[in-house]
Amino acid sequence: MYDFWGYIVALALLAPVAICVMLALLLGRQKRHREEILLALVKVEQGLEANRNLILELTSKPAPEPAPSSVIVEAPVPEPIREEPPQIVMAAAIAEAEEPPASAKPEPEIKTQRWESVAWEPSPPSRFEIAAKEILREIWNWIIVGEGHRPQGVSMEFAVASNWLLRIGVVILVTGIGFFLKYSIDAGLLGEQARVALSVLAGLGMLVGGMRLVGGKYHLFGQGLLGGGIATLYFSTFAAFSFYHLLGVYPTFALMALVTVCAGGLAVRLDSMLVAIFGIVGGYCTPILLSTGEVNFIGLYSYMLLLGLGILGTNWYKQWHFLNSLSFFFNYVLFFGAMQKYEVANFWEVMPFLIAFFVLYSTMVFLFCLVNRSKSNLLDLLALMANAGIFFATGFALVDQAYGRIWVAAISLGLAAFYVGHVYYCLARRVLDRAMLLSFIGLSASFVAISLPLILSDHWITVSWSLQALAMLWIAGKLGSEFLRQVSYLLYAVVLVRFCFLDLPGQYASGMDPNQPFSLFLLGLLERLVSFGIPIGSLGLAFRLIEEPVRLAPLACDAANDIGQWIKERWMVRAAVIVAAGMLFIFLQLELSRTFGYLYPPLRMPMLTLVWLAMCLVLFQRYVFEAGGGWLKLFLWFVAAVLIKLLFFDLDSWGLGLIDSGTDAWTMLYGGEYSFLHAFMRLLDFAAVIALFGFAFLRLATAEVEAGSARNFLGIAALVLLFIFLTLEINTLLYHYVPGLRSGGVSILWSLFALGLVFAGIHWNLRWLRLGGLGLFAVVAWKVFFVDLARLDQIYRIIAFIILGILALVGSFAYLKFRQSFTSPSSGESKP
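Residues numbered from 1 in each chain as written. Predicted model: local features only at pLDDT ≥ 70, side-chain atom pairs only at ≥ 80, totals over all residues. Heavy atoms only, no water.

### A closer look at the overall build of the protein
Alright, step 1. What the protein contains, in helices and strands, is 26 helices and 2 strands.
Alright, step 2. Taken across its 832 residues, the protein has 40% of its residues classed as buried.
Alright, step 3. Sequence separation of at least 24 residues holds for 73% of the intrachain contacts in the protein that already meet a minimum separation of 6.
Alright, step 4. Just so you have it, the protein exposes about 47100 Å², and 69% of that area is on carbon and sulfur atoms. (Helix = DSSP H or I, 4+ residues; strand = E, 2+ residues; numbered from the N terminus. Buried < 20%, exposed > 50% of the residue type's maximum accessible area, 1.4 Å probe, protein only. Contact = heavy atoms within 4.5 Å. Areas by Shrake-Rupley, 256 points an atom, 1.4 Å probe, with all protein chains shown as cover.)

### Quick word on the packing of aromatic side chains
Alright, step 1. A full pass over the atoms with the stated rule returns 39 aromatic pairs.
Alright, step 2. Ring centres of F335 and F336 lie 5.2 Å apart, and the angle between their planes is 85 degrees; on these two criteria the pair is classed as edge-to-face.
Alright, step 3. Classification of F336 as partly exposed rests on a relative accessible area of 32%.
Alright, step 4. A centroid spacing of 6.1 Å and a plane angle of 70 degrees characterise the contact between F620 and F695, whose relative ring orientation is edge-to-face. In this pair, F620 is assigned in helix α19 (residues 604-626) and F695 in helix α21 (residues 676-702), connecting sequence segments 75 residues apart.
Alright, step 5. For F695, a relative accessible area of 36% corresponds to the partly exposed category.
Alright, step 6. Among the aromatic residues, ring-to-ring pairing joins F297, Y301, F328, Y332, F335, F336, F353, F357 and Y361 into one connected group.
Alright, step 7. A cation sits over an aromatic face here: R682 above Y670, 4.0 Å from the ring centre.
Alright, step 8. Sitting over the ring of W750, K783 keeps its end group 5.8 Å from the ring centre. (Phe/Tyr/Trp six-rings, centres within 6.5 Å; stacked < 30°, edge-to-face > 60°. Lys NZ or Arg CZ within 6 Å of the ring centre and 35° of its normal.)

### Regarding helix α25 (residues 794-817)
Because an α-helix completes one turn every 3.6 residues, residues spaced three or four positions apart along the sequence face the same direction.
Alright, step 1. The end-to-end C-alpha distance of α25, which contains 24 residues, comes to 35 Å, matching closely the 34 Å that a straight helix rising 1.5 Å per residue would cover.
Alright, step 2. Within α25 the residues assigned to the buried category are A800, L804, L807, G811 and A814. (Expected span 1.5 Å × (residues − 1).)

### Quick word on a nonpolar patch on the surface
Alright, step 1. Residues I795, I798, I799, I802, I803 and I806 make up a contiguous nonpolar surface patch of about 510 Å² in total accessible area.
Alright, step 2. Position of I799 relative to the elements: it lies in helix α25. (Patch = residues over 30% accessible without salt bridge, like charges linked within 9 Å, V, L, I, M, F, W, Y side chains within 5 Å. Salt bridge = Lys/Arg side-chain N within 4 Å of Asp/Glu carboxyl O.)

### Considering the pattern of salt bridges
Alright, step 1. Inspection of the entire model under this criterion finds 6 salt bridges.
Alright, step 2. Put simply, E548 and R544 hold a salt bridge, and the shortest N to O gap is 3.7 Å.
Alright, step 3. Since its relative accessible area comes to 48%, E548 is described here as partly exposed.
Alright, step 4. Note on R544: relative accessible area 51%, which makes it exposed.
Alright, step 5. A salt bridge links E729 to R682, with the shortest nitrogen-to-oxygen separation between them at 2.9 Å. Taken as a pair, E729 in helix α22 (residues 710-737) and R682 in helix α21 lie far apart in primary sequence, 47 residues in all. The two residues E729 and R682 agree in class, both being buried.

### Some points on unusual backbone geometry
Alright, step 1. One non-glycine residue, N765, lies in the positive phi region at around 55 degrees.
Alright, step 2. Positionally, N765 belongs in the loop between α23 (742-764) and α24 (767-791).

### Remarks on the nonpolar core
Nonpolar side chains in soluble globular proteins tend to end up buried together.
Alright, step 1. Counting 111 residues, the largest nonpolar core has Y301 and F447 as the members making the most contacts within it.
Alright, step 2. Among the elements that make up this core, the one with the highest residue count is helix α11 (residues 347-371) (14 residues).
Alright, step 3. Not counting the four nearest positions on each side in its chain, F447 is found in contact with A388, F392, S412, L415, A416 and Y419.
Alright, step 4. One finds L646, Y670, V689 and A717 within the second-largest nonpolar core, a separate group that totals 46 residues. (Core = buried A, V, L, I, M, F, W, Y, C linked by side-chain atoms within 4.5 Å.)

### Here we look at the packing of α19 against helix α20 (residues 631-653)
Alright, step 1. Interhelical geometry of α19 versus α20 gives an angle of 165 degrees and a closest axis separation of 9 Å. Here α19 is positioned roughly antiparallel relative to α20, judged by the angle of their axes. Judged by the sense of rotation from one axis to the other, the crossing of α19 with α20 is left-handed. Side by side, α19 and α20 meet where M605, L608, T609, W612, L613, M615, C616, L619, F620, R622, Y623 and E626 of the first sit next to W631, L632, L634, F635, F638, V639, A641, V642, K645, F649, D650 and S653 of the second.
Alright, step 2. Within the contact of α19 with α20, the residues separate by chemical class into 18 nonpolar, 2 polar and 4 charged. (Axes fitted to C-alpha atoms, helices over the stretch in contact; angles between N-to-C directions. Parallel < 35°, antiparallel > 145°, perpendicular 65-115°, else oblique. Left-handed = near helix turned anticlockwise from the far one by under 90°. Nonpolar A, V, L, I, M, F, W, Y, C, P; charged D, E, K, R; others polar.)

### Re the packing of helix α15 (residues 461-479) against helix α17 (residues 518-547)
Alright, step 1. Remark: α15 packs on α17, axes separated minimally by 8 Å, with the N-to-C direction vectors making an angle of 15 degrees. When the axis of α15 is compared with that of α17, the two are roughly parallel. The way α15 lies across α17 gives a crossing that is left-handed. Residues T462, V463, S466, L467, L470, L473 and W474 of α15 lie in contact with α17, whose contacting residues are V530, S531, I534, P535, S538, L541, A542, L545 and I546.
Alright, step 2. Classifying every residue of the contact of α15 with α17 gives 12 nonpolar, 4 polar and no charged.

### Structural notes on the environment of V350
Alright, step 1. In this structure, V350 sits in helix α11.
Alright, step 2. Taking the C-alpha atoms as reference, V350 lies 8.8 Å from M339; in sequence the two are 11 residues apart.
Alright, step 3. Not counting the four nearest positions on each side in its chain, V350 is found in contact with F297, Y301, F335, M339, Y342 and L398.

### Observations regarding the side chain of R594
Alright, step 1. Structurally, R594 can be placed in helix α18 (residues 569-599).
Alright, step 2. Nearest to the buried, unbridged R594 among oppositely charged side chains is E591, at 6.0 Å.
Alright, step 3. Excluding residues within four positions of it along the chain, R594 makes contact with Q507, Y508, S510, G511, M512 and R528. (Lys, Arg positive; Asp, Glu negative; His and termini not counted.)

Here it is as structure tokens:
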């Protein structure tokens, strides 16, 4: 039971978040549409202003004077009078208004109200709101004036007074009959049979009188008599059972049920909703009045079911919406009242009737709208949701108490199948009721999502929900349902939250036993691959479904039964790619760290580096192909993260630190005994990073994109990492195997590196490479004379100085050989 309330609390917490997200999207769309409308209105206003200026300009030009001529001009022939077009007349009027005579006063300028200052009128209420308000108004009218609509020409005073005086009179009359029966008992005036007979005759007389008056001038009075007669018959039958003990329980029950059936028949025959209300209230009060203190679930619930079917039959002919709500209320009040004495042994006496009640009231709402060919309103949907919620909550408690939590899934799966059948019916019959269809889709999807956690263990919930979201996305494509597509997006968001904040911490937050058997480790590895791989693969397939939609099925959803697009497909495609890549990246980081930490710890850091580099490569390729979109910045952020990982985490894992070399000098070495296998792991770690940086450096030279200083940064970073790796590796190697040559060996390495930079700079005509090599040569020269000279042994000093001298001469020779590269006026840097 606590798990159920936990799910309810979780849904209650997620619902406001989902609603806020939807509201934010809707407000964004509204704001965008408003801005588009404002822009269009501004353009229209500018166009009108331009036309007005053009008219004024054309009308303000003076007419050209005729040129002087010596030719005698004949008298002009008078032309027929023609009517000028309204545009010319308006232009002339404007010209006259702008050039008034000196004696005339200028006309006041007519000021028009700009459209920005006009107050925006609120949008009219939707059909959904109008229908709900109309039903509530009818219910209120039945309470106040006794009819669904107050007759035209009848004042409110007359309607209220006549209705309530009638109701008060009927209540007083029935109460008086009760007092008569009570007085007759106390005074012994009449026999028991005579008292009951007189009460029955009074009730029948009221029924006959009411039937004669209904439909005429005293229609309302006739309805009151009918209601009073039904109440009197109920009371007389109850008195025969309870006061005088003239009837047993079952005959009394049958007679009161007969009164209820007669009330329903009279209500339909005479078109009197008031009679139907009396019948429903009396029908549901009958078990309460005849209660013996012992609960007979089968008898009681059978009677309630028959009564509900009678009300359903009444609604088949009459559009009395209030009867549905009244029956729903009394039925579940009576149901839960009887459940106070429920025990687990009564499960199969209660559960079938609970299912029957759920189907009855769900069908009652659906059938009412279908038969009357009217669209559902807010009250219908609230009743639909309340009925489903009451059934699931009660069924959850009953099944969980009797058979355990896993069997509760039978209820949720049954509900999902029930609403899927309704969806199929609406699509097959082309029922144009968007609110009802969307409610059925939402309920079916919700109960499927609830079923999966009930069946599976906790770490399989994310897998099941991701597969459900994928299936919903595919079904949405086949049906063309935008609503179902948005629901699948929402479920994917829930999957992402659970994946990141529950599943990953649950699996990887606690450490792993390094001494566990390999078979047990392999089983856990396969379980993690499935439980984390399926959600990631589901997102990849979702990306494919969004990119390449499936073909519509014959039972496609009509546009009138669907909603608009809340989230653009282009955004969802990009979101699916980013989220899937992020989930895969995080999972691989954690899984490779655990797996290689168990199998071979020295390989753990290089494998993690490869994952980071794979993400960098993906981002780099996206940048090259799309040439923008922020991919370069994201790529550089990941590059910076790779450098931080390599220099501050990977080197630290190899035990890098300052060690006393024994000659009053400190040097930086890898800790522990030197191992060529560990050196290979470090080579793999550094080489992968250097290779990616070098590839990006060369690729940007040929790509038609503007990378700015990013290309130079990648090239310099690759060279610096190569320099750091070689220096640390040679220094550690010579320290362990040839300690006397350690300092000189590092100097020789630096000289070779400097020579390589010089040759590369000359070959590709890159000045910054050449300057880097010369600067490193200067550092080597200082190191040789001020550091190595004091630390090297005699033989190693000779070897080191000879080799360094030769390397410096080679560098000088290179400059002399390629002298023309530095003297040519047209020389310029080229891209390698």
